[in-house]
Every structure is written in structure tokens, then in C-alpha cells.
Amino acid sequence: MPVLVVVGAQWGDEGKGKIIDLLTERADVVARYQGGHNAGHTVVVGMNEFILHLVPSGILHKGKKCIIGNGVVVDPAALLEEMDAMTKRGIKFDKNLLISKNAHLIMPYHKALDVASEKLKGNKKIGTTGRGIGPAYADKINRKGIRMADLLDEKTFREKLSCNTGEANFMLERFYNAPLVNQDQVYDEYQGYARRLKKYIADTTLYLSEAIAGKKKVLAEGAQGTHLDVDHGTYPFVTSSSPTAGGACTGLGIGPNTITEVLGIVKAYTTRVGSGPFPTELNDKTGELLRERGKEYGATTGRARRCGWADTLIIRHAVRVNGMTSAAITKLDVLDTLEELKICVGYKYKGKLYEEMPSELAVLEQGVPQYITMPGWKQTTIGIKKYEDLPKKARTYVEKLCKLSGVKPSIVSTGPRRDETIILERPFQTVKKR
Ligand code: IMP
């Protein structure tokens, strides 16, 4: 019953899309367990680039079952738009996609509330993607969300919509002074979505439990990253779901004892989108170089990502809270031209040295990062497929980063394409050595 969970170890955008796509070759089922269309996974297949937001990237492989789990919040308009665009490029959904009956819907009032709330916060804003993610999860936890199953039941849908729109419009009008949502229009729009999505909506927990019992290999796909986790991240500058490995259990309805491996995706440096503390951020030429060489612009919003040095406090925390069994180090090639590299090993705040991830925002915001410096390798690593072919200094960097973070590397990625990868150990115990 191998379930492999793939999680982001930093603030998202670690390059999960490529690694998940690679591992999918050996999986039978790919299941997304949290988040919504705030995520953006970029996958390069040959000359084609695909950016996926909601659909698990397994869809790019023929015959893999792809699941949108109960822990995901689904904007049906965004999902159908993504499916339509992919259908035009020859991707088939009919037998391959299942959407959990229990997945919650993102409604137009969620998006309106997200945008209005951010506007009101001014410079204290979280920097959300404005997709309605937070308000949709808030309704779920507040026990008034609308689920896929409700969408298929006209009466329930009408009742819930009426109740929720009334409340949301009250807030939009009285508190935010923002435009209102038209309930009848939303009803008609969503009934149209129901007709199109009906055939995909299923009891995915049952499907997964049978698949696991039948020894099928399940790849659980996390979105965002550990430090955007609502419990374990840099709260309140987080997303509203659980990208950490535990989220795979609740977000798919599988038992923890089914999980055999947790692969953490670790970018060779660090990036973050949106507001919030980022101790190793570089607001200088090196930061710009990382952004340009790493094409660090959001796949969902196009926003420039903040860039900085690798931080072992961040990664070690991710190793702990996810139970990471190994790490995939991504975008190593982005560092190729640097004279020297730094790795953060602590923060100094008010005379005290912090060597483990602190919860206090003040330490993260004002702490002075303590670095070790390593020499750069100053030669290209793009497309290298064998570990021994990496320059010695690049290997030393990978090994030091992993040792200080307390995790072993199993994959090193040296470019965006599927074959630009070094496989050191076989995650899923099924990925062939290349
Ligand atoms: P939300 O998920 O739209 O509510 O945004 C909350 C925070 O998470 C913001 O800082 C976003 O920039 C960040 N965020 C959400 N999704 C992603 C992602 O896929 N990659 C990186 N950051 C993300």
C-alpha cells in the first residue's frame, strides 16, 4: 500500500510540479489533497509547457487516475477553464479525473471577500492570490460551506447559497463597502457547472481505499509549502489549508499508516510570494540574479517572487513536521554562476542565537541570519543526469545543505525538463535509476 506524499519544504514554488510529473510515471493514482487554484505547477513535457492550478499533474500521463480530494477547495469556473484549455491540447479527462463529493466550492462571494479584506488591510495585507481561498476554508470550518455533493442537489444548493449570499453581501456592503454578489446569477452559473462536472464527482475516499487495498501506488500531491501551512507556517502569513504531510490524510481520507514515504521538495535557495517574514531575503543584485535565472515569477499571479539564500532552519522544521524521508533538491543549476553561496544556520535576535525555527514573527522579521559561506562551482550543471558528473563544489553544497537540514537527498533537479534530473535513491521504490 505505498502512498508517497510530496510536500513543499519552504514557501511553495519549490518545483513540485516537475518532480510530481516525474514520479507519476511509476504511480497509478495522483491525488491532490489541499489548496485550490492559488497553486500553480509548471510542468515541461518536451517542447510543451503546462501550468496546472487544480488538476493533478498526473493528467499529463496517459491512464493515470487523478483525484481532487476532499481537502481541496474548487472554483468550478477555474477548474473548467483549465480542463477546456488542456482538452484543446489533447489531454483527456473522461476516465481519468475524479472530484471528491466532499470538496468545498469556492463561490464568487469568497473571491469578493478575499479581495475586499486584503484591500482593507492595506500594508498589513497577507498578499493572497485573491482567489477566495481563505474565505472558502473559513466557511468550511464554520460549517456553512457548500460541497460538491450539495452542488448536485438543487434544493440544498439553493438554500445554502441563499443563506451564504445574504451574509456575504451584508459584509461586503456594510463592512467593506464593496460590490455585491447577485444570487440568481450565481445560481444559474453554478447549475451550469454542476451539469458539466457531475460525471467526475465521486466518493474518492472509497476509491482510494480500494486502490490502496489493491496495492496501487498513490502519489499524494501537496500544493504550496510547509511554511504556508495554517498550523506550521509563518502564521498569519500563510494559506488557509494544510500543505504538510498530515494534510494528505485529512485531505484525502486515508490513514496515516498507508503513507510509506514523504518526499520534501527543497529549492536550492529560497523564494516566497506575498507578504510575511523571510529572514534570508536578498534585496540586492544576487536576489535579482536568482529571480532572473530561476524565472521566479508566480505561475498563478505572475508576481515577482522574493528570493534569498537557503535556510536550514526552514528546511529542518519542514523535515520535522512532515516526517520527510528524503529531499528532492531543485533548481541547483540556478546557482551555477555564483562566486560564493551562503547557507543560513541561525538567527541572532536581541543577543540570543536561534538555531531552530522560532514561532515569533519578531525573530523572523528582525533576526539577523547567521551564515556559513561556500565557494560557488562557476560552471554549468544544466541537464546533468549523474551525481558524479556534478562539479565537486556543487556536490559539497548539496551534501552540506542536506546534512545541516537533517535529511538525505534522493533527487537533484538540474533543469525544468523531465530528463534533467539526477535520481540518487528511488522514491516510491519504483522510479528507475537513470
Ligand atoms: P492565499 O492562499 O491566496 O490565501 O494566499 C496566502 C499566501 O499564500 C500568500 O502569501 C500567497 O502568495 C501564498 N500562496 C498561495 N498559493 C501559493 C503557491 O502556490 N505558491 C506560493 N505561494 C502561494
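Let us look at the structure shown here. (Residues numbered from 1 in each chain as written. Predicted model: local features only at pLDDT ≥ 70, side-chain atom pairs only at ≥ 80, totals over all residues. Heavy atoms only, no water.)

## Some thoughts on the pairing of strand β5 (residues 65-68)
For step 1, the next point in the chain: Bridge count for strand β2 (residues 29-32) against β5 is four bridges, and the pairing is parallel. Residue pairing in the sheet places V29 in a bridge with K65 of β5.
For step 2, the next point in the chain: Of the pairings in the sheet, the one linking β5 to strand β7 (residues 97-100) comprises three bridges and is parallel in character. When the sheet's bridge partners are listed, C66 is paired in β7 with L97. (Pairing = 2+ DSSP bridges. Helix = DSSP H or I, 4+ residues; strand = E, 2+ residues; numbered from the N terminus.)

## Focus: helix α3 (residues 108-121)
For step 1, the next point in the chain: Across its 14 residues, α3 extends 20 Å between first and last C-alpha, which sits within 8% of the 20 Å expected from 1.5 Å per residue.
For step 2, the next point in the chain: Restricting attention to buried positions, one finds in α3 the residues Y109, H110, L113, D114, A116, S117 and E118.
For step 3, the next point in the chain: Summarising the contacts, the buried residues of α3 are in contact with β8 (104-105), α4 (133-141) and α6 (154-175).
For step 4, the next point in the chain: Directly after α3, the chain includes G122, whose backbone phi takes a positive value near 55°. (Expected span 1.5 Å × (residues − 1). Buried < 20%, exposed > 50% of the residue type's maximum accessible area, 1.4 Å probe, protein only. Contact = heavy atoms within 4.5 Å.)

## What about the side chain of N38?
For step 1, the next point in the chain: Inspection of the secondary structure puts N38 in the loop between β2 and β3 (41-45).
For step 2, the next point in the chain: Accessibility expressed as a relative area gives 10% for N38, which makes it buried.
For step 3, the next point in the chain: Among the polar contacts made by the side chain of N38, one reaches the side chain of Q224 at a distance of 3.1 Å.
For step 4, the next point in the chain: Separated by 3.4 Å, the side chains of N38 and T239 make a polar contact.
For step 5, the next point in the chain: Sequence-distant contacts of N38, defined by excluding residues within four places in its chain, comprise T129, R131, I133, Q224, T239 and T300. (Polar contact = N/O pair within 3.5 Å; in protein donor to acceptor, adjacent residues only side chain to side chain.)

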